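Each chain, written out:
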Amino acid sequence: MLAFQVATPVVAEKESKNQGRRTGYRDSIPGHNIVNRNRKEGELRLYNDYFAENPKFTESQFRRKFRMSHFFLRIANAVEAHNPYFKQRTDALGVLGLSCLQKITAAHRILAYGIPADLTDEYLRIGETTAIESLRTFVKAIVEVYGD
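Quick notes on the rules
In this convention, every chain numbers its residues from 1, walking through the sequence in written order. Local features are withheld for residues below a pLDDT of 70 in this predicted model, meaning they are given only at 70 or higher, and side-chain atom pairs are given and counted only at 80 or more; totals for whole chains, interfaces and linings count all residues. Side-chain metrics rest on all non-hydrogen atoms present in the structure, leaving aside hydrogens and water. A run of H or I in DSSP counts as a helix once it spans at least four residues, and a run of E counts as a strand once it spans at least two, with each numbered from the N terminus. For a helix, the expected span equals 1.5 Å multiplied by the number of residues minus one. The rule is simple: take the accessible area with a 1.4 Å probe, protein chains only, and divide by the maximum for that residue type; under 20% is buried, over 50% is exposed, in between is partly exposed. The arc in question is the one spanned by the directions pointing from the helix axis to the C-beta atoms. The contact rule is simple, with two residues in contact once any of their heavy atoms fall within 4.5 Å. pLDDT measures how confident the predictor is about each residue, on a scale from 0 to 100. By convention a nonpolar core is built from buried Ala, Val, Leu, Ile, Met, Phe, Trp, Tyr and Cys residues, the set being connected through side-chain atoms within 4.5 Å. Counted as salt bridges are all cases of a side-chain nitrogen of Lys or Arg within 4 Å of a carboxyl oxygen of Asp or Glu.

A. Structural detail: helix 4 (residues 71–82). The first and last C-alpha atoms of helix 4 sit 16 Å apart over 12 residues, in line with the 16 Å expected at 1.5 Å per residue. Listed in full, the buried residues belonging to helix 4 are Phe72, Ala76 and Val79. Along the axis of helix 4, the buried positions cluster into a sector of 70 degrees, meaning they face one direction only. Seen from the open side of helix 4, the exposed residues pointing more than 90 degrees away from its buried face are Arg74 and Ala81. The inward-facing, buried residues of helix 4 contact helix 2 (39–51), helix 3 (59–66), helix 5 (100–113) and helix 7 (128–146).

Written as structure tokens, this is what we have:
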């Protein structure tokens, strides 16, 4: 809970500084290189390691890495139901985007371990900008869902 209390004002401050700085583009910016992160591979790895019927890692290993137990999925489901940002969507080409678990795991790891956003690319296959956006949206959703 302390992490959310610390993160909420930081996210709010950064958002207020960034007002009006949006380019109007979403995802594709002319002149930028497109990196194929193989998001599906990251989603499958995450699912098979922790959330499958017979996961690679045990419950105690999950607790150690995520710093919580079965509450993680309960929180993920509540946040996904509350905010459509966390629903997996397809792009204009019909390619599936990032899953709810990828976005929430990225946000959770940034909060739990204080890792830089670009480090989430290694395992989850999620870019730095998306990890930061996921963190901001996750913190807001947690406050809105569990604030009382």
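B. Looking closely at the confidence of the model for the protein chain. When pLDDT is averaged along the protein chain, the result is 81, and 76% of the positions lie at 70 or above. Mean pLDDT in the protein chain bottoms out at helix 1 (residues 2–18), which sits at 52, and peaks at helix 7, which reaches 94. Confidence drops under pLDDT 50 across residues 18–23; counting only partners more than four residues distant or on other chains, this segment forms one contact.

C. Representation of the nonpolar core within the structure. Counting residues in hydrophobic clusters, the biggest one holds 29 residues, and the most contacted among them are Leu46, Tyr50, Phe51, Phe86, Ile104 and Phe138. For this core, the elements supplying multiple residues, two or more each, are helix 2, helix 3, helix 4, helix 5, helix 6 (120–124) and helix 7.

D. Structural detail: the pattern of salt bridges. Tallying each qualifying case throughout the model produces four salt bridges. For arginine 125, the salt bridge goes to glutamate 41, with nearest N and O atoms at 3.0 Å. Within this pair, whereas arginine 125 is found in the loop between helix 6 and helix 7, its partner glutamate 41 is found in helix 2, the two being separated by 84 residues in sequence. When its relative accessible area of 32% is taken as the criterion, glutamate 41 is described as partly exposed. Glutamate 59 is paired through a salt bridge with arginine 63; the nearest N and O atoms lie 3.9 Å apart. Residue glutamate 59 and its partner arginine 63 are both found in helix 3; the two are separated by four residues, about one turn of the helix. Each member of the salt-bridge network shares a partner with another, and the members are Glu41, Arg45 and Arg125.

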